[in-house]
Amino acid sequence: MVTGKWELNKANVVANEWVSRDVKRITLLSPGIAATASPGQFVNVKVNSTYAPLLRRPFSLNRIDKDKGTISLLYKLVGEGTELMAELETGDLLDVLGPLGNTFSIEEDCGDSIFVAGGIGVAPFYPLARLLLQLGQKVTCIMGARCREDINELDELRALGVNVLCATEDGSEGMRGLVTDVLRAHLRSTKCSMAYACGPNPMLAAVKAVCAEHQTPLQLSLESHMACGIGVCLGCTCKKGPEEGYVHVCKEGPIFWAEEVAL
Amino acid sequence: MSSKQSAGSTQQGISQQPPAASGQDKRQATSDNLLSTNLFGIKMNSPLMSASGTYGYGKEFANFYNLSMLGAIVVKGITMKPRAGNSGQRLVETPAGLINSIGLENPGVEGFLVQEMPFLRESGVPVIVNISGNTPEEYAALAERLDGEAGIHALEVNISCPNVKQGGMAFGASCDMAAAVTADVRKRTRLPIIVKLSPNVTDIASIARAVEAEGADGISLINTLLGMGIDIRNKKPYLDNTFGGLSGPAVKPVALRMVWQVAGAVNIPIVGMGGISTWQDAVEFYLAGASAIAIGTANFFNPLAVPEIIEGVKAYLHSEGMQHIGELVGAARPK
């Protein structure tokens, strides 16, 4: 594995704003990380300097602004770590390690791309969309959530030029149903040369099945319990695809080809 | 003091250090020699190591600091054959702690020698290889295989892994088994052997005495404490193996107590570990009688734990007017 490129910063908090009812976006001044980071990578964050919580928390890069030297993380308040992070204010410092892991694979002369985002799984897609749109590709993003209030980044992605389709369980935004319903319909009508998905594992497994039916190559951004984020604790495993053994989400991932892993 | 040729006890090691040159500024004169130690016949830049399983094979941490500040790198546990490790969720975070169930995932001894040793040899840092087996014979065969391999300075015999079905902790749970493994390994290698003890026993001092009697050059402790967590949503244990090994700051008082007990029971050097996260923690372990210490779980949440602890210990020694870290070892013990 390549090393020698990780930064460990006490980064200044530039902003920490509500995006929806239980999701915030924190922006950090970290020119070193911003300079080398690519879409799909993550950072491992120590939310305070105490033992509560003890471990760092991994977050996908949601914005990479190389000009301003900032990175942003989109996070849902789900527990101790994220609740403490939500309390940080502009000017506070946050201990951040990154950029970690691999990046999405980009094919330059690729046709249309499709993203499938489940809930907070939308986080890594904004910087990927920017990159693909700059390459002149068409990007569609299917966003799934329980209801309208849980959809994030809808306007931001549309403003970039992404065709956003929504699926909500209660039908309050877009279609009533699951992302896979929308995906299946979309793949029937539109040829996509690459699919990217991020969200809960059951959703990823369902997306993998649909993409396989349509022979659409699929990249998955995986989540895992993680301690170090740099490949030494060996705690963040996912079962390998057909073969025996495990991949490590932090080191070989977090982006995997769908065939590489068994969900 | 040890009778073994390869085991330089700390006291021996310290006496070998040249005294600080007189007439020079004390801080200046002592800074080079303040931490350098001879332990198990290994010349170490400091009596501070990485704890097995928390440091990989070293190269990731070379991203953050010069590894040569370590006295030794104790590598992730090695077995004869490659192991994929345990299924399911492998980590559970607890208050000030971490339960792991990695299951000795490693590339096997041949994979280790080919893939990992070139970097470690290049680093120049002494390497201590943590070995595990399913049978005493497997430990002995591993010890024999590693004997004479360039760059390998000692073996840490892991008779305390809680996460494997066969062997592992079972060997560390009784005096007879611990003694048998130590004796078999001793016969098959000239390398210094440090036996890593499990805290999941009723009388750790007797196990320490048993391995000392069979020729161990040193003792490292503690491995992880057996623990578990239950997911209250799906009402099942988090770990497929139900139990895992608890480490981190939460276990430090237990580890310190056991280092204290073992230091009072044996004459061979002790490598103390268990939740050490700050220089103050490190100082406590030296004071309890550890000739060296190892940093484990702290490497996960603070990649700079090693250099920060080394700097803190140095500053402490200066502030206490001490010439060498050896003055600290066992200093809290009754005279």
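Residues numbered from 1 in each chain as written. Chains lettered and ligands numbered in written order. Predicted model: local features only at pLDDT ≥ 70, side-chain atom pairs only at ≥ 80, totals over all residues. Heavy atoms only, no water.

Peer 1: Run through the overall build of chain B, naming residues and quoting values.
Peer 2: Check the secondary structure of chain B and you find 10 helices and 16 strands. In chain B, which comprises 335 residues, the share counted as buried stands at 61%. In chain B, once contacts between residues fewer than 6 apart in sequence are set aside, the share between residues at least 24 apart is 71%. For chain B, the accessible surface area stands at approximately 12500 Å², while carbon and sulfur atoms represent 52% of it. (Helix = DSSP H or I, 4+ residues; strand = E, 2+ residues; numbered from the N terminus. Buried < 20%, exposed > 50% of the residue type's maximum accessible area, 1.4 Å probe, protein only. Contact = heavy atoms within 4.5 Å. Areas by Shrake-Rupley, 256 points an atom, 1.4 Å probe, with all protein chains shown as cover.)

Peer 1: How would you explain the overall build of chain A if you had to name every residue and give the values?
Peer 2: Per the secondary structure count, chain A includes 6 helices and 16 strands. The C-alpha radius of gyration of chain A comes to 18 Å, within 12% of the 18 Å expected for a compact globule of 263 residues. When its C-alpha atoms are laid out on the principal axes, chain A stretches across 50 × 40 × 35 Å. Expressed as a percentage of its 263 residues, the buried residues of chain A come to 56%. Of the contacts made within chain A by residues no fewer than 6 positions apart, 65% connect residues no fewer than 24 positions apart. (Rg over C-alpha atoms; globule rule 2.2 N^0.38 Å.)

Peer 1: Which residues make up helix H3 (residues 125-134) of chain A, and what are the values?
Peer 2: Residue and element names in this part refer to chain A. Buried residues of H3: Phe125, Tyr126, Pro127, Leu128, Ala129 and Leu132, and no others. Taken together, the buried residues of H3 touch strand E5 (63-65), strand E8 (113-118), strand E9 (139-145), helix H4 (154-160) and strand E12 (194-198). Of the residues flanking the end of H3, it is Gly136, one or two places downstream, whose phi is positive at about 85°.

Peer 1: Can you tell me about empty space enclosed by the protein, naming the residues and giving the values?
Peer 2: Residue and element names in this part refer to chain B. This structure, assessed with the given rule, holds 2 cavities of 30 Å³ or more. One number sums up the size of the largest cavity: a volume of about 480 Å³. Around the largest cavity, the lining is made up of 34 residues, and of these Ser52, Thr54, Asn100, Asn223 and Thr224 lie nearest the centre. Tallied by class, residues from the lining of the largest cavity come to 15 nonpolar, 17 polar and 2 charged. Lining the second largest cavity are Leu35, Ser46, Pro47, Leu48, Tyr286, Ile310, Val313 and Ile325. Residues that form the lining of the second largest cavity fall into these classes: 7 nonpolar, 1 polar and no charged. (1 Å grid on protein atoms, 1.4 Å probe; cavity = no way out; pocket = protein on both sides within 12 Å on 5 of 7 lines; lining within 4 Å. Points joined across faces, edges and corners; volume = space filled by probe spheres on them. Nonpolar A, V, L, I, M, F, W, Y, C, P; charged D, E, K, R; others polar.)

Peer 1: Let's hear about the packing of helix H5 (residues 179-189) of chain A against helix H6 (residues 201-213) of chain A: which residues, and what values?
Peer 2: Residues and elements named next belong to chain A. Where H5 meets H6, the closest approach of the two axes is 10 Å, and the angle between their N-to-C directions is 15°. Judged on the interaxial angle alone, H6 and H5 are roughly parallel. Judged by the twist between their axes, the crossing of H5 over H6 is right-handed. Residues Val179, Thr180, Leu183, Arg184 and Leu187 of H5 touch H6, and the partners they reach there are Met203, Ala206, Val207, Val210, Cys211 and Glu213. Residues that form the contact of H5 with H6 fall into these classes: 8 nonpolar, 1 polar and 2 charged. (Axes fitted to C-alpha atoms, helices over the stretch in contact; angles between N-to-C directions. Parallel < 35°, antiparallel > 145°, perpendicular 65-115°, else oblique. Left-handed = near helix turned anticlockwise from the far one by under 90°.)

Peer 1: Account for the side chain of A:Arg63, naming residues and giving values.
Peer 2: All names here are of chain A. Looking at where Arg63 falls in the secondary structure, it is placed in strand E5. Arg63 gets classed as buried once you look at its relative accessible area, which sits at 15%. In this structure the side chain of Arg63 is engaged in a polar contact, spanning 3.3 Å, whose partner is the side chain of Asn62. Looking at Arg63, its side chain comes within polar contact range of the side chain of Glu153, at 2.8 Å. (Polar contact = N/O pair within 3.5 Å; in protein donor to acceptor, adjacent residues only side chain to side chain.)

Peer 1: How would you sum up unusual backbone geometry? Please name residues and give values.
Peer 2: Following A:Ala52, the chain continues into A:Pro53 via a peptide bond in cis, with omega recorded as 0°. Tracing the backbone shows A:Pro53 in the loop between strand E3 (42-46) and strand E4 (57-60). A cis amide bond links B:Leu221 to the next residue, B:Ile222, at an omega of 10°. Position of B:Ile222 among the secondary structure elements: in the loop between strand E10 (218-221) and strand E11 (225-227). Despite not being glycine, B:Thr242 shows a phi value in the positive range, around 65°. With respect to the element layout, B:Thr242 can be found in the loop between strand E13 (236-237) and strand E14 (244-247). Judged by relative accessible area, which is 27%, B:Thr242 ranks as partly exposed.

Peer 1: How would you summarise the sheet that holds strand E5 (residues 91-94) of chain B if you had to cite specific residues and measurements?
Peer 2: Residues and elements named next belong to chain B. Taking strand neighbours across the sheet as the criterion, the 4 strands line up as E5-E6-E14-E11 in an open arrangement whose pairing is antiparallel. Edge positions in the open sheet fall to E5 and E11, since each of these has one partner strand only. Shown here is a sheet whose adjacent strand axes are inclined to one another by a mean of 35°, direction ignored. One ladder, built from 3 bridges, connects strand E6 (residues 97-100) with E14; its direction is antiparallel. From the neighbouring strand, Ile99 faces E14, where its bridge partner is Leu246. (Pairing = 2+ DSSP bridges.)

Peer 1: I'd like a rundown of the sheet that holds strand E16 (residues 292-295) of chain B, residues and numbers included.
Peer 2: All names here are of chain B. If you walk across this open sheet you meet the 8 strands as E3-E16-E15-E10-E9-E8-E7-E4, and the pairing is parallel. The strands lining the two open edges of the sheet, one partner per strand, are strand E3 (48-50) and strand E4 (73-74). Bridge count between strand E15 (residues 270-272) and E16: 2 bridges; the pairing is parallel. Across the sheet, residue Val271 finds its bridge partner in E16, namely Ala292.

Peer 1: Give a description of the pattern of salt bridges that names residues and reports values.
Peer 2: Residues and elements named next belong to chain A. Inspection of every chain in the model, using the stated rule, returns 22 salt bridges over all chains. Among the ionic pairs, Asp150 bridges to Arg21, the shortest N-O distance being 3.0 Å. Of this pair, Asp150 sits in the loop between E9 and H4 while Arg21 sits in the loop between strand E1 (7-20) and strand E2 (23-29), and the two are 129 residues apart along the sequence. Its relative accessible area of 9% is what places Asp150 among the buried residues. In this structure, a network of salt bridges that share partners links the residues Arg25, Arg63, Glu153 and Glu156. (Salt bridge = Lys/Arg side-chain N within 4 Å of Asp/Glu carboxyl O.)

Peer 1: Just give me the short version of the interface of chain A and chain B, but keep the residues and values in it.
Peer 2: Frequently, the measure chosen for interface size is the accessible area removed from exposure when the parts meet. Across the contact, 28 residues belong to chain A and 33 residues belong to chain B. Buried surface at the junction of chain A and chain B, summed over both partners, amounts to about 2500 Å²; 66% is from carbon and sulfur atoms. When the area that chain A buries against chain B is broken down by residue, the three leading residues are A:Tyr51, A:Leu54 and A:Val232, summing to 26%. There are 1 salt bridge connecting chain A and chain B. Close ionic contact of B:Glu93 with A:Arg57 constitutes a salt bridge, the shortest N to O distance being 2.9 Å. Across the chain A-chain B interface, the total number found is 11 residue pairs in polar contact (both at pLDDT 80 or more). Each residue belonging to the side of chain A that touches chain B can be placed in one class, and the counts come to 16 nonpolar, 8 polar and 4 charged. (Buried area = accessible area lost by both parts, 1.4 Å probe.)

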